Amino acid sequence: MARGKTVCCDLSTLEVTLMVLFVVMTAVSVGLISVMAVHWEDRLQEPEPTVSPTAGLHENPYLIGVGRADCTGPPGDVPLMGYANVEQTAAGIHTRLFSRAFIVDNGSKRVVFVTADIGMVSQRLRLEVLKELEVKYGNLYRQDNVILSGTHTHSGLGGYFQYTLFMITSKGYIKPSIKAIVNGIVKSIDIAHRNIKPGRIYMSKGELEESNLNRSPHSYLNNPAEERNKYKSNTDKQVTLLKFTDLDGDGMGMLSWFAVHAVSMNYTNQMVSSDNMGYASYLLEQEKNIGFLPGEGPFVAAFASSNLGDASPNIRGPFCANTGLPCDYLNSSCPIGGLKMCVALGPAGSDMFNNTKIIGENIFKRAKDLYGKARQEVRGPLHAAHQWVNMTDVTVQLNSTHTGRTCKPALGHSFAAGTTDGGGDLNFTQGAVEGDPFWDGIRDALLGAPSNETQDCHRPKPILFSTGEMTWPLPWHPSIVDVQMITIGPVAIVAIPGEMTTMSGRRIREAVKQELEAQGTFSNAEVVVAGLCNIYTHYITTYEEYQIQRYEGASTIYGPHTLSAYIQKFRGLAKAIAEGKEQELPKGPEPPFFKDSQLFSLLPAAAVDKKPINTTFGEVLEQVDPEYTVGDVASVTFVAGNPRHSGDMRDKTFVTVEKYHNSTAYWDVVHTDASWETRFHWVKNGAESNATIEWHIPLSAQAGSYRIRHFGHYKQRKGFLETVILAYEGVSDVFRVSKITYNY
């Protein structure tokens, strides 16, 4: 999937250099970010203004809209965003990705929260979404009242960043990838906007056990004992849930937050997947939207990220894969094989599909229970506050006599070690507080040495990449960052521009709650930490955790006082909201929006598709069996084209499983590639490729006759220079599915 414009049409010196950097950076930092649509016909006729409460709304003056839309990009060749594994490029679909939007209006103000099945929201993505919203709605949806959050699945597509580091590690700016996400997010807001109606909101809270584990307990233990003693666990177990209903009490949707990394699908996976949080959404939406296919139906269930920075779903913990013994506690490495052998396992061991299923089911079941018990009605005014902040130069008041400051961005040596959820390949380890002459020498030769000022600012971090001092061909990391908060009655949603560790999130919640309640405007404020919002700035640890310099501390890019700076800024937003003065907040310095011509792509255009001699695209190469029993896996392989040639496949499918109805002689679609039960594997062999479709037949499947169909497109040459893209489809033989029979 080539982007619309490249820097130039020839293989320039810039492109060659960037390719070299891509190889080097990937090798050094394979653990990078390791825990790192609207169609024109859908356009509304006119933007609708914020409306006054209608008759019958006097009991609760909220207008509520919910919406969901597909945001899956092309599932072929595009790097998956999260593990930065050079081998981990998209090759099919496990589950589709969706954006879920919630609009709340009280007649005078409106706020929007969106959570999308992507790794994180980038600054570029947010700016493009807001530009689209401005074209459609004027100033109704703005920087201050729209929060965009990512679920942090590591099996979503990359290519939607505008800063050099992220572009290098995801093969640049990939236009079809970012457009699918932008269009999906905008469409989810469109749907919520169209469906807005009077309703009520209820809140519920509870704890969820055996679904997250602290992957850096040594760092956590460096926090003050008196602070740690206030909490039962070194990860947040709390689930906070908002239930949305109409005035008749019928459910419209649900929005919840829980702190866990969406990395149950591990770094060997190559299928697009919404991971554990997406599976929780899938289960609840399928239960509520009876008779609808996945991604369809009116009820919207969203499971959003929180302070998940050190929270892993791999609850069996890290062990040495070659010996079965526990990894070294301090640096998560093994005596033989180093950090690559230290791997954390989920509840089902090495089976990532079952790990995803178990963690997703745990989250779903707890949310379903809390949804049913939600009785505390949310009432009160709406507020929205936003500022841009230059995070490279914030002075922090540490106490009455001392100040600190934030730094230009930099990544430490332990950043390249990755985590127990996905470690690096080279001889880096977590907990490094000294540099390495070998790697420092390579860095100095390729990228330049960090300045003394930056080194001093980041201590005790040994700097591997001084990204804040690297500006070619574009800045490597952002300087201007969003800080944002919205309140719905007593519920305050704090939009965190990165991954906060457990204790960092607790400190933010406490500080914001204290500030909101200090003015007497709020009582019993409920503060929600929403993660991966608006812009990605890696991690945010406490000052004490930063000293240990495990992966999270090494990836806290603005230095040891990063959290203190955010607490200071979010306190300012909370105070402005409590005093009703959010409109008086200084706007701050606006971030850059680089032209497409300034961005680059390292992903070449997809080649012309070829096929085996005497075959056609869509032809079956390996046929299904004639009969299966529920619990079996039906599989069929087709001659296929590159999925990138299918263009925008949102709201479409590469796969259907269909059941024959004798009474109507009609084939009914029972599953698509959005279904948990299907897996679409795309396998490339040079210019030829195959599509293997698996149907994991559920125990609930009805007995009868079925078939599997595959849809796609292929590119062929037409003349000497011209190419054309053509559609194809293939269909398996009809096969029978029977229920399990028991002989007594």
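Residues numbered from 1 in each chain as written. Predicted model: local features only at pLDDT ≥ 70, side-chain atom pairs only at ≥ 80, totals over all residues. Heavy atoms only, no water.

- Per an unreviewed UniProt entry, the chain goes by the name Neutral ceramidase and belongs to Salmo salar.
- What the UniProt record of the chain gives under Catalytic activity (unreviewed entry) is the line "an N-acylsphing-4-enine + H2O = sphing-4-enine + a fatty acid".
- Checking UniProt for the chain, the heading Sequence similarities (unreviewed entry) contains the comment "Belongs to the neutral ceramidase family." (UniProt positions renumbered as here; feature names shortened; annotations may be inferred.)

**Considering the sheet that holds strand β26 (residues 526-530)**
Line of reasoning, step 1. In space, the 4 strands of this open sheet follow the order β16-β23-β24-β26, with mixed pairing throughout. With partners counted over all chains shown, the strands left at the sheet margins are β16 (382-390) and β26, one partner each. This sheet shows a mean twist of 15° between the axes of neighbouring strands, independent of strand direction.
Line of reasoning, step 2. Across 5 bridges, strand β24 (residues 491-495) lies against β26 in parallel orientation. Of the residues in β26, the one forming a bridge with Ala492 is Val527. (Pairing = 2+ DSSP bridges. Helix = DSSP H or I, 4+ residues; strand = E, 2+ residues; numbered from the N terminus. Axes fitted to C-alpha atoms, helices over the stretch in contact; angles between N-to-C directions.)

**Describing the state of the cysteines**
Line of reasoning, step 1. What the rule picks out here adds up to 3 disulfides.
Line of reasoning, step 2. Here Cys320 engages in a disulfide with Cys334; their sulfurs sit 2.2 Å apart. Sign of the S-S torsion, about -110° for the bond between Cys320 and Cys334, identifies this disulfide as left-handed. A residue pair is termed long-range when its members are at least 10 positions apart, and Cys320 in strand β13 (residues 317-320) and Cys334 in the loop between β13 and β14 (342-345) qualify at 14 residues. Like Cys334, Cys320 is buried.
Line of reasoning, step 3. At a sulfur-sulfur separation of 2.0 Å, the disulfide partner of Cys407 is Cys457. Given an S-S torsion of about -90°, the disulfide between Cys407 and Cys457 has left-handed geometry. Linking Cys407 in the loop between β18 (403-405) and β19 (411-412) with Cys457 in helix α10 (residues 452-458), this pair joins segments that are 50 residues apart in sequence.
Line of reasoning, step 4. Cys407 sits in the buried class, given a relative accessible area of 1%.
Line of reasoning, step 5. Each bonded cysteine in the chain gets a number by its place in the sequence, and the pairs come out as 1-3, 2-4, 5-6.
Line of reasoning, step 6. Unpaired in terms of disulfides, Cys71 finds its nearest cysteine sulfur in Cys533, a separation of 15 Å.
Line of reasoning, step 7. Cys533 sits in the buried class, given a relative accessible area of 1%. (Disulfide = S-S within 2.5 Å. Buried < 20%, exposed > 50% of the residue type's maximum accessible area, 1.4 Å probe, protein only.)

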